[in-house]
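Summary of the model geometry
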Amino acid sequence: MNPMRFDQIGRRFSERRLSRRAAMTEGAALAATGVAMAGLGSVAAQEATPIGTPESFPHSVTLPPNDDGDAVTHLFVQSFQSGSIGPATGEFGTHTVTLAQGMGQTIVFGDRPSREVGVTPTPAFLDGLGFTPDNPPNAALLVEAEPGVTDIAVVELFNPTYDEATHTATYDIAVLANWQNDLETGFQEAPLDLSDLTDLGDEFGRTHLFIDGCGWRGVGCFLPTDDPYGYGEQVGIFPTQQTCYWFSAGCMLCTPKNAQNVGDIQRYWSQMCNDNFPACNNQCEIQL
């Protein structure tokens, strides 16, 4: 493998995160999802009031992306013994890849200067990362197209599923437009067309996914309700807040940096709601 390849791909991920950040800060894009803290399975499964976008909900306050300025960005690696590809089976993406005989674990490591590294069970990782169609994760898909020959595409990932018995992951994918022109990698003259892989008989050898970090989300402020599984009236929103990876719970809000558990984050942001939105009347809570 070209020794510069991974660094160049990582830089591309970083640039794309910045472009998403800028777009969301301008109100051009926002994941309008009710799944706030993915990875907290019992919470994510409940019915919840969706968080509105700035356009649909006028009472919004844009805060700095982080008040600590040193949030750790993580990257993730998955490896498999074999793979196959075919037309997309879901609503999003152009192809579906099935990656078999994995390790059962996803490797997690932090951008420098952080030296965080660890592993997390792949099912928990998939639950915790978040795969919203309006802001899907990016990934470099590195495949052994034939013995001794590797090829690569930078893609977006949708609709993950995982079979724990066989350690098989399935993703719908779509190639990022013109990423090859941006990189000037020099490791292949022509862009990889996913149809080239299907021409190989739909199957290929060892495969690695290098997946980018957690995304951004809105934080809604809600008045209390008697419904134990729901939320009351939404009276405000912080539309663009960064999330960071927690080994115990997936992608969660980065702030406050000294949070030890979900309760610390709940209390911090509930207080932010009450401090910034008079309609809260000091009673608001955030949606988890």
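Residues numbered from 1 in each chain as written. Predicted model: local features only at pLDDT ≥ 70, side-chain atom pairs only at ≥ 80, totals over all residues. Heavy atoms only, no water.

Turning our eyes to something else, we now look at the sheet that holds strand β11 (residues 234-246). Spatial strand order, β12-β11-β10-β13: four strands in an open sheet with antiparallel pairing. Taken across any chain shown, the strands that pair with only one partner, and hence form the sheet edges, are β12 (250-253) and β13 (285-286). Pairing geometry for β11 and β12, over four bridges, is antiparallel. Residue pairing in the sheet places Trp246 in a bridge with Gly250 of β12. (Pairing = 2+ DSSP bridges. Helix = DSSP H or I, 4+ residues; strand = E, 2+ residues; numbered from the N terminus.)

To continue, consider the pattern of salt bridges. When charged atoms on two side chains of opposite charge get close, those side chains can pair. Per the stated rule, a full pass over the model turns up two salt bridges. With a shortest N-O distance of 3.3 Å, Arg206 and Glu144 are connected by a salt bridge. Of this pair, Arg206 sits in the loop between β8 (203-204) and β9 (207-211) while Glu144 is found in strand β5 (residues 138-146), placing the two residues 62 residues apart along the sequence. (Salt bridge = Lys/Arg side-chain N within 4 Å of Asp/Glu carboxyl O.)

When pLDDT is averaged across the protein, the result is 75; 68% of the residues are at 70 or more. In this model residues 16-50 is a low-confidence stretch, pLDDT under 50, and it forms 76 contacts with partners more than four residues away in sequence or in other chains. Ignoring residues within four places in sequence, the model shows residues 187-191, a span with pLDDT below 50, making seven contacts including any to other chains. (pLDDT = per-residue confidence, 0-100. Contact = heavy atoms within 4.5 Å.)

With that out of the way, let us pick up the pairing of strand β1 (residues 74-87). Burial runs high along β1: ten of the 14 residues are buried. Two strands pair when backbone bridges link them, and β1 and strand β3 (residues 105-110) are joined in this way by four bridges, in the antiparallel orientation. Directly across from Phe76, in β3, lies its bridge partner Val108. Relative to β9, β1 runs antiparallel, the two being bridged by five bridges. If you follow Gln78 over to β9, its bridge partner there is Leu209. Note that β1 and strand β2 (residues 95-102) share seven bridges and pair antiparallel. (Buried < 20%, exposed > 50% of the residue type's maximum accessible area, 1.4 Å probe, protein only.)

What follows deals with the packing of aromatic side chains. For the coordinates displayed, the defined rule picks out nine aromatic pairs. Considering the side-chain rings of Phe125 and Tyr245, the 6.3 Å spacing of their centres and the 50° angle between planes classify their relative orientation as tilted. Pair noted here: Phe125 is in helix α3 (residues 122-129) and Tyr245 is in strand β11, with a separation of 120 residues, a long-range link. Comparing Phe125 with Tyr245, the two get one shared label, buried. Judged by centre distance (5.8 Å) and plane angle (85°), the ring pair of Tyr245 and Phe247 falls under edge-to-face. For Tyr245, a relative accessible area of 6% translates into the label buried. (Phe/Tyr/Trp six-rings, centres within 6.5 Å; stacked < 30°, edge-to-face > 60°.)

Using the criterion set out here, one finds four disulfides in the structure. For Cys214, the disulfide goes to Cys251, at an S-S distance of 2.0 Å. With the S-S dihedral at roughly -80°, the linkage between Cys214 and Cys251 falls on the left-handed side. Of this pair, Cys214 sits in the loop between β9 and β10 (216-222) while Cys251 sits in strand β12, placing them 37 residues apart in sequence. Through a disulfide, Cys221 is tied to Cys273; the S-S separation comes to 2.0 Å. Handedness of the Cys221-Cys273 disulfide follows from its S-S torsion of about -75°: it is left-handed. Residue Cys221 is located in strand β10, and its partner Cys273 is located in helix α6 (residues 262-276); the two are separated by 52 residues in the primary sequence. Across the protein, the way the bonded cysteines pair up, counted in sequence order, is 1-4, 2-6, 3-5, 7-8. (Disulfide = S-S within 2.5 Å.)

With that out of the way, let us pick up the pairing of strand β7 (residues 168-175). In terms of burial, β7 is largely enclosed, as seven of its eight residues are buried. For β2 and β7, the ladder comprises five bridges, and the chain directions are antiparallel. The partner of His95 across the bridge, within β7, is Ile173. Bridge count for strand β6 (residues 149-163) against β7 is seven bridges, and the pairing is antiparallel. Along β7, the bridge assignment pairs Asp163 with Thr168. A loop of four residues connects β6 with β7, the two strands running antiparallel in sequence, and His167 in this loop sits at a positive phi of about 55°.

Let us look at α6. Along its 15 residues, α6 runs 21 Å from first to last C-alpha, staying within 8% of the 21 Å computed at 1.5 Å per residue. On its buried face, α6 is in contact with β10, β11, β12 and β13. Measuring from the side-chain oxygen of the N-cap residue of α6 to the backbone nitrogen of Gly263 gives 3.0 Å; that N-cap residue is Asn261. (Expected span 1.5 Å × (residues − 1). Polar contact = N/O pair within 3.5 Å; in protein donor to acceptor, adjacent residues only side chain to side chain.)

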